[in-house]
Amino acid sequence: MNIPQLYHTLRRPTACFSALIVLLLSPSLLLADGPRQPGLYIPPAASYILNPGETAVQLQFDSVPLATVQTQLDAARAANPGAPIVLTLTGYYWVRTAPLTLPSNTSVVLYGTIAALPGATASSLISVSGQSKVAIAGGVLEGNFANLSGIDAETSTKINIDAVTIRNTGRDAIVLNGNGNTTFDSGSAITRCDIAGSAGNGITVSNITQTLLLDNFVHGNKGTGVQLSAAHSSVTNNEISHNNIGVLADANNNLISDNDVSGNMQAGVQLASTSSSSAIMRNIISHNGANGIDFDGSDNLVYNNTLSNQTDLTDRSAANYVVAHGTPLNAPTSKYFYPPTIDNQHNDPILNGVSRADITVGSGNLTDVQTAYNAALAANPASFIVLHMNGTFTMDGTTPLTLSSNTAVLLNGTINVTSKPAQVITDTNPASFVSISGGTIDLHGQGGITGIYFPSTTMVNIDHVSVINGGVPTIRTSGGMIQLQRGGGYNILYRNTVNMSGGRCLWTQYANAHYVVLENQLSSCNMDGVDFDSSTSNSYAIGNINIDNVRYGVFIEQSDSYNKIYGNYTTTRDYASSTGHGIGVYNNATSGSKRAVTNGNTAFSNINDVVNNGLRIGSISTATGGIAESANTYFFNNLATNNGGNAILFDTQFPGSVQNYLSQTVLAGNKNDLSQQNSNGATPPEFFNPMSAIDLALRQPVTASSTATGSDPANAVDGLAFTGWTAGSGSDQWVTIDLGSDVSFQRVVLKPSNLLSFLQLVRLQTSEDGINFTNIRGGIEFPGSVRTFIFKPVTARYLRVNIRSLFGLEISLRELGVYPN
């Protein structure tokens, strides 16, 4: 079986997806700061590259002059102008004066190495210029310290770079440059790459929109690890360490989240004065030389990071927001908010320059709470009020508990609603800096009641609140259990629980504020788990678990723009009459006019399992003469599995529905993978599902002779270059991979953690039973930090890598890859 045939065999749906989903939903994935393991990116299971009816052109080369490859690639493109080309390179290739230049609709799968010759004058090893839908996966790009880049993509769009190792380039290792920060034709991704030793930046992304950097290891570069001069992009789940600066962002609407940014010479994360509407959330930022976060620009957010630096935050702009979480921060210039929460009932200042007054109210009627709170406001007119509600409270009237600005409620108990109010807790209109944390609001089966309703609030924090029993999911009512409207700043909903409602679980409206919806558990609502509605824009829904909601898990609708949705899980596995969707991007004209476009939304790495439709991009008019359009949606590497209707439902209408793009969707076990129903002048969706380099060891069972405390052999085969396995003490160690069945392979690649790994002797063995092993002979090891062993093809189920350490060196592996013929 050749590589393309094997690839398509491995991409067929398998039963392993249920186990994969359980793994992805582990507590370490959903709850820990810093990078999630086993990572966000999942090699796709799609069966086509551009469209279901295509015939891909296959080109495959072993070690030949790169000019030969280029000549035949150019000839193939000339002969097949629109067809996808899959170029598989298994040898060693040298660059002197010209890079490998790739045309549109080309997928390169590199199992070998492309390296610069001494004195090379080429500007890069691989070049893409003015092209679209180009992918590079696997292998090694070795710069040999020549004055060139590894990959240089200029004025290009829809570029996918996956699992490429780039070393020792004299310029930036990866350059991705598009057609401008307001042009939505992009949708690019750099995933699982290992980048080190560059004399410039590790990754530079500029003049492009909707770029994703996921699961990369960017380390030891003389410049910046990630230079983000792009808009509407995400740097998520990476380790960025030991560079000059970790991440430097100077554009707008970017997300920097879930990264480990440590040990950089200057700042860990720096937002320049030109940055705006960007968020730094849930990162580990530690041991950076100058400061952890250098914070400038306007309308930016720092929230919920783990910081351990000599200077954690250098605060430069009064137009930004800092929401401390867990520990206080020194942010004298920004709009600073440190609300006490049910699991952090601190006594520190909450706002800069504002004193605080704490009052406690025991069990009783909610009207008594209002009376005590009003008295505290009158007695402390210039203070931040912290209202401690301890015990069981009853609401038997229709007047909600109404909060003023500068108030935090700590609910250590339950509010039982026995009447029929419109809302249980609300605030003045407008208000600012209001927080509610902890406790339960029990609506006792009454539909149509909103547990928490804030009509116009700047800087809301709702944390660890449970709102339950608001009707039943089989009877639809209006509203949402928690509803936020208008306001400003960043309104945060963090780790709340909503269960049982005839309406929505969480509901946001209007573009005035950014909504940050993190790690909530949302179940049994008649409408949506998370409803981003009525022009909600520049907001985030991350890591929410949606179970048995009738309509959508996450719904991005009605003129919503520039939202980022990732890491959410949606299922209706236990709901018998499922009609719902996982992630939806949708627009509906409810009057006879044209509604603003639902525009520029990005959804990646979401799991949609056992729903009706997994992913939906749509638009419709329900009023005569109305026009509604959804455009510039980017769906990347979402999982749509075991769905009873369509994995992907595309049903947009009207001419402004353009540039909707899906890439690397994982499909398995669905009744129907794709339903395409665009009409009334809407442009069909675009697809790009390039091939990955097949690693037979990826996430397979692994055992080891010994393991150091805190290590795990599975980290050596998780596809992440920043994790790894470290052996226990002893100079002779081994690690064994169960490949699942007899497979044929001829290449093993090791990435040791120890820079002196050349002083370690490696012996490869195979086995049929995991007990009796036979040596592989004829291996060739290439020098460098990546050790590649090539041999005559062998067929076996088990591979054992034996390592003998000289001079007492620690034995460790960042990654171990096994590659087919």
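Predicted model only: the values in this text are computed from it and were never measured. (Residues numbered from 1 in each chain as written. Predicted model: local features only at pLDDT ≥ 70, side-chain atom pairs only at ≥ 80, totals over all residues. Heavy atoms only, no water.)

A. Structural context of the overall build of the chain. Each helix and strand in the chain was counted, giving five helices and 77 strands. Radius of gyration (C-alpha) of the chain: 27 Å, near the 28 Å computed for a compact globule of 821 residues. Looking at the chain residue by residue over its 821 residues, the buried ones come to 64%. Nonlocal contacts in the chain, meaning residues at least 24 apart in sequence, comprise 68% of its contacts between residues at least 6 apart. Of the accessible surface of the chain, which amounts to about 26,400 Å², a share of 51% is contributed by carbon and sulfur atoms. Of note, the chain has its 38 positive side-chain charges centred 6 Å away from the centre of its 53 negative side-chain charges. (Helix = DSSP H or I, 4+ residues; strand = E, 2+ residues; numbered from the N terminus. Rg over C-alpha atoms; globule rule 2.2 N^0.38 Å. Buried < 20%, exposed > 50% of the residue type's maximum accessible area, 1.4 Å probe, protein only. Contact = heavy atoms within 4.5 Å. Areas by Shrake-Rupley, 256 points an atom, 1.4 Å probe, with all protein chains shown as cover. Lys, Arg positive; Asp, Glu negative; His and termini not counted. Charge placed at Lys NZ, Arg CZ, Asp CG, Glu CD.)

B. Highlighting the pairing of strand S19 (residues 224-231). Among the eight residues of S19, eight are classified as buried, and the element is accordingly described as predominantly covered. Across five bridges, strand S16 (residues 203-209) lies against S19 in parallel orientation. Considered in S19, the bridge of Val205 is made with Leu228. Relative to strand S22 (residues 245-249), S19 is paired through four bridges, and the arrangement is parallel. The residue bridging Val226 from the neighbouring strand is Val247, located in S22. (Pairing = 2+ DSSP bridges.)

C. Summary view of the pattern of salt bridges. The final tally for this structure, using the stated rule, is 21 salt bridges. Residues Arg36 and Glu519 are paired through a salt bridge, measuring 3.6 Å at the closest nitrogen-oxygen approach. Of this pair, Arg36 sits in the loop between helix H3 (27-31) and strand S1 (57-61) while Glu519 sits in the loop between strand S49 (514-518) and strand S50 (521-525), and the two are 483 residues apart along the sequence. Residue classification places Arg36 among the buried residues on the basis of a relative accessible area of 3%. Put simply, Arg36, Asp258, Arg282, Arg495 and Glu519 are held in one network by salt bridges that share partners. (Salt bridge = Lys/Arg side-chain N within 4 Å of Asp/Glu carboxyl O.)

D. The packing of aromatic side chains, seen in detail. Applying the stated criterion across every chain yields a total of 16 aromatic pairs. Ring geometry for Phe184 and Tyr562: centres 5.7 Å apart, planes at 15°, overall stacked. Here Phe184 is found in the loop between strand S13 (174-177) and strand S14 (188-191), whereas its partner Tyr562 is found in the loop between strand S54 (552-557) and strand S55 (564-566), with 378 residues between them in sequence. Given the relative accessible area of 25%, Tyr562 is considered partly exposed. With 3.8 Å between their ring centres and 10° between their planes, Tyr552 and Phe555 make a pair best called stacked. On the basis of relative accessibility, which here comes to 3%, the residue Tyr552 falls in the buried class. Classification of Phe555 by relative accessible area gives buried; the value is 3%. Put simply, the rings of Tyr41, Tyr634, Phe636 and Tyr661 pair up and form one aromatic cluster. Residue placement shows Lys158 over the ring face of Tyr661; its charged tip is 5.1 Å from the ring centre. (Phe/Tyr/Trp six-rings, centres within 6.5 Å; stacked < 30°, edge-to-face > 60°. Lys NZ or Arg CZ within 6 Å of the ring centre and 35° of its normal.)

E. Representation of the pairing of S1 in the model. A one-sided burial pattern is seen for S1, the buried positions being Val57, Leu59 and Phe61 and the unburied ones Gln58 and Gln60. Of the strand pairs in this sheet, S1 and strand S2 (residues 85-89) are connected by five bridges, and their pairing is parallel. Its bridge partner being in S2, Phe61 is matched across the sheet by Leu89. With respect to chirality, the unit in which S1 leads through helix H4 (residues 66-79) into the neighbouring parallel S2 is right-handed. (Right-handed = clockwise from strand over helix to strand, strands pointing away.)

F. View of the confidence of the model for the chain. Residue-level pLDDT values for the chain average 94, and 95% of them are 70 or greater. In this model, residues 1-16 is a region of pLDDT below 50 whose contacts with residues beyond four sequence positions or in other chains number 32 contacts. Confidence over residues 26-31 falls short of pLDDT 50; this stretch has 16 contacts with residues more than four positions distant or in other chains. (pLDDT = per-residue confidence, 0-100.)

G. Local environment of the state of the cysteines. Under the definition given, this model contains one disulfide. The partner cysteine of Cys505 in its disulfide is Cys525, sulfur to sulfur 2.1 Å. Negative torsions about the S-S bond denote left-handed disulfides, and the value of about 110° found for Cys505 with Cys525 makes this one right-handed. Of this pair, Cys505 sits in strand S48 (residues 504-509) while Cys525 sits in strand S50; the two residues are 20 residues apart in sequence, bridging distant segments of the chain. Taken as a pair, Cys505 and Cys525 share a single burial class, namely buried. (Disulfide = S-S within 2.5 Å.)

H. Quick peek at H4. The end-to-end C-alpha distance of H4 is 20 Å, a good match for the 20 Å that 14 residues give at a rise of 1.5 Å each. What H4 keeps buried is the set Leu66, Val69, Gln70, Leu73, Ala76 and Arg77. Down the axis of H4, the sector holding all buried residues measures 130°, keeping them to one side. What points out from H4, more than 90 degrees from its buried face, is the exposed set Ala67, Thr71, Ala78 and Ala79. Those residues of H4 that are buried are in contact with S1, S2, strand S3 (92-95), strand S4 (100-101) and strand S5 (106-110). (Expected span 1.5 Å × (residues − 1). Arc of directions from axis to C-beta.)

I. Fine view of unusual backbone geometry. In this model, Gln37 is joined to Pro38 through a cis peptide bond whose omega is 10°. By the secondary structure assignment, Pro38 is in the loop between H3 and S1. Residue Pro430 is bonded to the preceding Asn429 through a cis peptide linkage, with omega at 5°. Structurally, Pro430 can be placed in the loop between strand S39 (423-427) and strand S40 (431-437). Its identity is not glycine, yet Asp299 carries a phi of approximately 60°, on the positive side. Note on placement: Asp299 falls in the loop between strand S28 (291-295) and strand S29 (301-303). Positioned with a positive phi, Ser535 is a non-glycine residue whose angle comes to about 75°. Considering the arrangement of structural elements, one finds Ser535 in the loop between strand S51 (528-533) and strand S52 (540-542).

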